[in-house]
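# Survey of secondary and tertiary structure
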Amino acid sequence: MPSRRHAVVNPRNCVACGTCENVCPRHAALVVHGCRAEIDIELCIGCGRCAASCPANCIELVERERREGNEAALV
Amino acid sequence: MKRHWYDYLWIWTIVYFSLGFFNILFAWLGMIDFLVPLGFAIFGGNKLFCNHFCGRGQLCMKLGHELGYSRNRPTPAWLYSRWFRYGFLLFFLTMFGNMLFQTWLVGAGAASLRQTVSLFWTFQLPWHWAYAETSLPAWVAQFSFGFYSIMLTSFLLGLLMMALYRPRTWCAFCPMGTMTQMICLLRCRKK
């Protein structure tokens, strides 16, 4: 079941250090081409470990967009 | 999570600084930490070194995250602002150039070997026990002292940042990280 929240990266501040990639328990964070980190929101469980450890404060947790009829599935 | 061989590279950081304490010529091994990330960025277009192979980053995570020596406070915004990151890179490269110039002076016989380690580009620490005269030219030792100074200074800055802010706050303005990301961004733009 998808979580209520998921992480998003502010690409402007990302330093592509890979800390998020290393702490993510679901391998949802990945540094792409050495430029910036990206989060696979399908894999993200919204645990916030990446946001709590990011040295550039560029990750935040946002509410997952609710799809029609899918609200009950969000935990 | 599954552990890989490279998850233990933090041990290399401890070994490196320990070796340099007893014999300064081991400082040359630090060139690996300079050349490998540049190689990854230039030829591979990635930051694999920062992401997985940086022993310093791993050690900061061990101390700050696992052992709890970090206050874990958000990094101040100016520390990861572009002007500071690029400014620090410029400063770092200038000091690196100065170190190379000192090495050249010793090699040319215009200056004598200084058996000291310069901390924070200011304080001269005696380090003479780590050098015994060898058949190697004096500039080799001078480079070792200079390079070890840079490595130790940046490591101590990293530890300070780890304690004050988040475990890997140093990564936010690490000159090697800034340089390799710059290379990767340029490669992305070209594509």
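Attention here is on the structure that accompanies the text. Just so we're clear, the structure is a prediction, and the values are computed from it rather than from any experiment. (Residues numbered from 1 in each chain as written. Chains lettered and ligands numbered in written order. Predicted model: local features only at pLDDT ≥ 70, side-chain atom pairs only at ≥ 80, totals over all residues. Heavy atoms only, no water.)

## Description of the pattern of salt bridges
All names here are of chain B. Definition in use: One speaks of a salt bridge when a side-chain nitrogen belonging to Lys or Arg is within 4 Å of a carboxyl oxygen belonging to Asp or Glu. Each helix is a run of DSSP H or I of at least 4 residues and each strand a run of E of at least 2, with the numbering of both proceeding from the N terminus. Buried means the residue's accessible area, taken with a 1.4 Å probe over protein chains only, is under 20% of the maximum for its type, while exposed means over 50%, and partly exposed covers the values in between.
The full count for this structure, using the stated rule, is two salt bridges over all chains. Residue Arg3 is joined to Glu66 by a salt bridge in which the shortest nitrogen-to-oxygen separation is 4.0 Å. Within this pair, whereas Arg3 is found in the segment before helix H1 (10-22), its partner Glu66 is found in helix H4 (residues 55-66), the two being separated by 63 residues in sequence. Since its relative accessible area comes to 46%, Arg3 is described here as partly exposed. Look at Glu66 and you get partly exposed, because its relative accessible area is 47%. As a salt-bridge pair, Lys62 and Glu66 come within 3.2 Å of each other at their nearest N and O atoms. Here the residue Lys62 and the residue Glu66 both occupy positions in helix H4, the gap between them amounting to four residues, near one helical turn. Taken together, the shared-partner salt bridges connect Arg3, Lys62 and Glu66 into one network.

## Considerations on empty space enclosed by the protein
Spelled out, the test is: Residues are called lining when one of their atoms sits within 4 Å of a cavity or pocket point, these points coming from a 1 Å grid over the protein atoms alone, where a cavity is a set in which a 1.4 Å probe fits but cannot get out and a pocket is an open set with protein on both sides within 12 Å along at least five of seven lines. Grid points are joined across faces, edges and corners, and a volume is the space filled by probe spheres set on the points. Each residue is assigned to one of three groups, with Ala, Val, Leu, Ile, Met, Phe, Trp, Tyr, Cys and Pro labelled nonpolar, Asp, Glu, Lys and Arg labelled charged, and all others, Gly among them, labelled polar.
Per the counting criterion, the structure on display carries three cavities of 30 Å³ or more. A volume near 340 Å³ is recorded for the largest cavity. As for the largest cavity, its lining consists of 24 residues, of which Cys54, Arg56, Trp170, Cys174 and Met176 of chain B are closest to the centre. When contributions to the lining of the largest cavity are tallied by element, the ones reaching two or more residues are H1, helix H2 (31-44), helix H3 (48-53), H4, helix H6 (138-164), helix H7 (170-173) and helix H8 (175-190) of chain B. With four residues, H1 of chain B is the single largest residue contributor to the lining of the largest cavity. Taken together, Cys24, Pro25, Arg26, Ala28, Ala29, Ile39, Cys44, Ile45, Cys47, Gly48, Arg49 and Cys50 of chain A make up the lining of the second largest cavity. In terms of residue class, the lining of the second largest cavity is built from nine nonpolar, one polar and two charged.

## Quick look at the packing of H2 of chain B against H8 of chain B
Describing two packed helices takes the angle between their axes plus the distance from one axis to the other. All names here are of chain B. Defined as follows: Under this scheme, a helix contributes an axis fitted over its contacting stretch, all axes are lines through C-alpha atoms, and angles between N-to-C directions fall in the 0 to 180 degree range. Each angle gets one of four labels, with under 35 degrees taken as roughly parallel, over 145 as roughly antiparallel, 65 to 115 as roughly perpendicular, and the rest as oblique. Residues count as neighbours in contact if any of their non-hydrogen atoms are within 4.5 Å of one another.
Remark: H2 packs on H8, axes separated minimally by 9 Å, with the N-to-C direction vectors making an angle of 10°. Relative to H8, the element H2 lies roughly parallel. Taking contact as the criterion, the partners of Asp33, Phe34, Pro37, Leu38, Ala41, Ile42, Phe43 and Gly44 in H2 are, on H8, Met176, Met179, Thr180, Ile183, Cys184 and Arg187. Of the residues contributing to the contact of H2 with H8, the split by class is ten nonpolar, two polar and two charged.

## Observations concerning the interface of chain A and chain B
Quick note on the threshold: Here the quantity called buried area is the accessible surface, traced with a 1.4 Å probe, that two parts lose on coming together, added over both. In protein, a polar contact means a hydrogen-donor-capable atom and an acceptor-capable atom, both N or O and within 3.5 Å, with residues adjacent in sequence counting only if both atoms are side-chain atoms; elsewhere, any N or O pair within 3.5 Å suffices.
In this complex, chain A contributes 26 residues to the contact, which on the side of chain B involves 23 residues. Between chain A and chain B, roughly 2,000 Å² of surface is buried when both sides are summed, and carbon and sulfur atoms account for 49% of that area. Area buried by chain A at its contact with chain B is led by Val15, Pro55 and Asn57 of chain A, which between them contribute 25% of it. Inspection of the region where chain A meets chain B yields 15 residue pairs in polar contact (both at pLDDT 80 or more).

## Concerning the side chain of Arg56 of chain B
Residue and element names in this part refer to chain B. For clarity, the cut-off: When charges are counted, Lys and Arg contribute as positive and Asp and Glu as negative, whereas His and the chain ends are disregarded.
If you trace the backbone, Arg56 turns up in helix H4. It is Asp33 that comes nearest to the buried, bridge-free Arg56 among opposite-charge side chains, at 5.4 Å. Reaching out from Arg56, the side chain makes a polar contact with the backbone oxygen of Met151 at a distance of 3.4 Å.

## Considerations on the nonpolar core
Under the convention used in this document: We call a set of buried Ala, Val, Leu, Ile, Met, Phe, Trp, Tyr and Cys residues a nonpolar core when their side-chain atoms join them within 4.5 Å.
Counting residues in hydrophobic clusters, the biggest one holds 58 residues, and the most contacted among them are Ile59 of chain A together with Ile24, Trp127, Phe147, Tyr148 and Phe173 of chain B. In contact with Trp127 of chain B, other than residues within four places in its own chain, are Gly20, Phe21, Ile24, Gln115, Thr116, Val117, Phe145, Tyr148 and Leu152 of chain B.

## What about the packing of H1 of chain B against H4 of chain B?
Residues and elements named next belong to chain B. Where H1 meets H4, the closest approach of the two axes is 7 Å, and the angle between their N-to-C directions is 105°. Considered as vectors, H1 and H4 are oriented roughly perpendicular to each other. Taking contact as the criterion, the partners of Trp10, Thr13, Ile14 and Phe17 in H1 are, on H4, Gly55, Arg56, Gln58, Leu59 and Lys62.

## Observations concerning H6 of chain B
We count it as follows: Here a helix's expected span is defined as the number of its residues, less one, multiplied by 1.5 Å.
Its 27 residues place the ends of H6 of chain B 39 Å apart at the C-alpha level, agreeing with the 39 Å of an ideal helix rising 1.5 Å per residue. For H6 of chain B, the tally of buried residues reaches 20 of 27 residues, placing the bulk of the element in the interior.

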